[in-house]
Amino acid sequence: VQLQAYGGGLVQAGGSLRLSCVGSGRTFSYYVMGWFRQAPGKERNIVAAITWNGGSTYHADSVKGRFTISRDNAKNTVYLQMNSLKPEDTAVYYCAADFQADFQKARPVLRTTASEYDYWGQGTLVTVSS
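Rules used in this analysis
Residues numbered from 1 in each chain as written. Predicted model: local features only at pLDDT ≥ 70, side-chain atom pairs only at ≥ 80, totals over all residues. Heavy atoms only, no water. Pairing = 2+ DSSP bridges. Helix = DSSP H or I, 4+ residues; strand = E, 2+ residues; numbered from the N terminus. Axes fitted to C-alpha atoms, helices over the stretch in contact; angles between N-to-C directions. Buried < 20%, exposed > 50% of the residue type's maximum accessible area, 1.4 Å probe, protein only. Contact = heavy atoms within 4.5 Å.

Draft legend 1. Looking closely at the sheet that holds strand β7 (residues 67-72). Ordered in space as β1-β3-β8-β7, the 4 strands form an open sheet in which the pairing is antiparallel. Edge positions in the open sheet fall to β1 (3-6) and β7, since each of these has one partner strand only. In this sheet, neighbouring strand axes are inclined to one another by 15° on average, regardless of whether the strands run parallel or antiparallel. Two elements, β7 and strand β8 (residues 77-82), share 6 bridges in a ladder whose sense is antiparallel. Residue pairing across strands places D72 opposite T77, the latter belonging to β8.

Draft legend 2. Highlighting the side chain of S29. If you trace the backbone, S29 turns up in the loop between β3 (17-23) and β4 (31-38). Taking relative accessible area as the criterion, S29 reaches 17% and is therefore assigned buried. With sequence-adjacent residues up to four places away left out, S29 is seen in contact with W52, R71 and N73.

Draft legend 3. Local environment of the pairing of strand β5 (residues 44-50). In terms of residue burial, β5 counts as a mostly covered element, since 5 of its 7 residues are buried. Relative to β5, β4 is paired through 6 bridges, and the arrangement is antiparallel. Across the sheet, the residue bridging to F36 is I46, located in β5. Hairpin connection of β4 to β5: 5 residues between the antiparallel strands, including G41 at a positive phi of 75°. In terms of strand pairing, β5 meets strand β6 (residues 57-59) through 3 bridges, oriented antiparallel. What sits directly across from A48, in β6, is H59. Here β5 folds back onto β6, and the loop between the two strands holds 6 residues, one of which, G54, carries a positive phi near 75°.

Given below as structure tokens:
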């Protein structure tokens with residue numbers, strides 16, 4: 001699958017942005033999806049993740065209550081709604097995908113570490129000014 005992330009930009013603290021990640025291919029529906037971010041000089045960390053069917057989500061403590069991950073499999077798209085943005089949210093945001101090969105017989109899973117994902121988008125920069 002190929003991933004294209006967009007929606008980043010410059011926003012003032014307290015503002016909102018919605019990131020989108022569009023995937024190619026007919027099997028997008030069966031991919032576990034995640035959003036990660038990487039600030040300059042820091043590691044890439046999980047922000048949020050969602051099961052292939054959208055039934056379960058994970059949000060990092062630092063964004064819980066402010067960010068929401070969702071997906072629309074009919075549009076091959078996963079979203080990250082970001083509200084109440086803070087300067088410390090400034091980073092390059094990446095979407096990632098991992099195919100759940102056993103989706104027909106196993107319960108949907110979440111992936112929360114970068115090493116579990118096989119496919120990555122190009123990243124979109126979010127800058128939050130104070």
